[in-house]
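Structural overview for review
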Amino acid sequence: MSALLVFALAAGGTYLIRISMVVSGVGERLDSTWTARLSLIAPTMLSAIVASSLFLDRTDLILPAAADVVAVIAAALAVRRSGSLAVAFVVGFPVYWSLGLVL
């Protein structure tokens, strides 16, 4: 599958999700189940990106480096403790860079 086709499908899916939020909430606010599900989109997408970059090299499975694993664990623990997704970047990148210098 070409990259252009993948991007086009992702763009179409994103557009459909946005339209569904507008159409389903016409005249009233979204109920709590929808808003709870929508709040999980960003962490799910970020975890899919992290998992694919850790364990895949093109189509081959690889064993991740120690610095990568430690940085991901530190970022996940920080997010779990703070409840903010932005903290993953604030904690994860410095841990990764410092371990990259040491290892």
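Before any of the text, the structure's been laid out above.
Residues numbered from 1 in each chain as written. Predicted model: local features only at pLDDT ≥ 70, side-chain atom pairs only at ≥ 80, totals over all residues. Heavy atoms only, no water.

Looking at unusual backbone geometry
Note the cut-off: In DSSP terms, a helix is any run of H or I states spanning at least four residues, a strand is any run of E spanning at least two, and both are numbered starting from the N terminus. Under the scheme applied here, a residue whose accessible area is under 20% of the maximum for its type counts as buried, over 50% as exposed, and between as partly exposed, the area being computed with a 1.4 Å probe on protein chains only.
In this structure, R58 takes a positive phi of about 60° despite not being glycine. When you line up the elements, R58 lands in the loop between strand 1 (56–57) and strand 2 (60–61). For R58, a relative accessible area of 79% gives the class exposed.

Examining the packing of helix 4 (residues 66–82) against helix 5 (residues 86–102)
Our working definition: Between N-to-C directions, angles span 0 to 180 degrees; the directions come from axes that are lines fitted to C-alpha atoms, helices contributing only their stretch in contact. Working definition: roughly parallel below 35 degrees, roughly antiparallel above 145 degrees, roughly perpendicular at 65 to 115 degrees, and oblique for all remaining angles. What makes a crossing left-handed is the near helix being turned counterclockwise from the far one by less than a right angle; a clockwise turn instead makes it right-handed. Any pair of residues with heavy atoms lying within 4.5 Å of one another is described as a contacting pair. Note on residue classes: Ala, Val, Leu, Ile, Met, Phe, Trp, Tyr, Cys and Pro are nonpolar, Asp, Glu, Lys and Arg are charged, and everything else, Gly too, is polar.
Two elements in contact, helix 4 and helix 5, have axes separated by 8 Å at closest approach and are oriented at 155°. With respect to helix 5, the element helix 4 is oriented roughly antiparallel. With respect to the hand of their crossing, helix 4 and helix 5 are arranged in right-handed fashion. Here helix 4 contributes A67, D68, V70, A71, A74, A75, A78, V79 and S82 to the contact with helix 5, which in turn contributes V87, A88, V91, G92, V95, Y96, L99 and G100. Tallied by class, the residues present in the contact of helix 4 with helix 5 amount to 13 nonpolar, three polar and one charged.

What about the layout of surface pockets?
Counted only if it meets this: Cavities and pockets were defined on a 1 Å grid built from protein atoms only: a cavity is a group of points that admits a 1.4 Å probe but offers it no way out, a pocket is an open group of points flanked by protein on both sides within 12 Å along at least five of seven lines, and a lining residue is one with an atom within 4 Å of any such point. Grid points are joined across faces, edges and corners, and a volume is the space filled by probe spheres set on the points.
Of the pockets and cavities examined, the largest pocket occupies roughly 650 Å³. In terms of lining, the largest pocket is formed by 22 residues, of which the most central are L46, V50, V72, A75 and A88. Contributions of two or more residues to the lining of the largest pocket are made by helix 3 (41–55), helix 4 and helix 5. At seven residues, helix 3 tops the list of elements feeding residues into the lining of the largest pocket.

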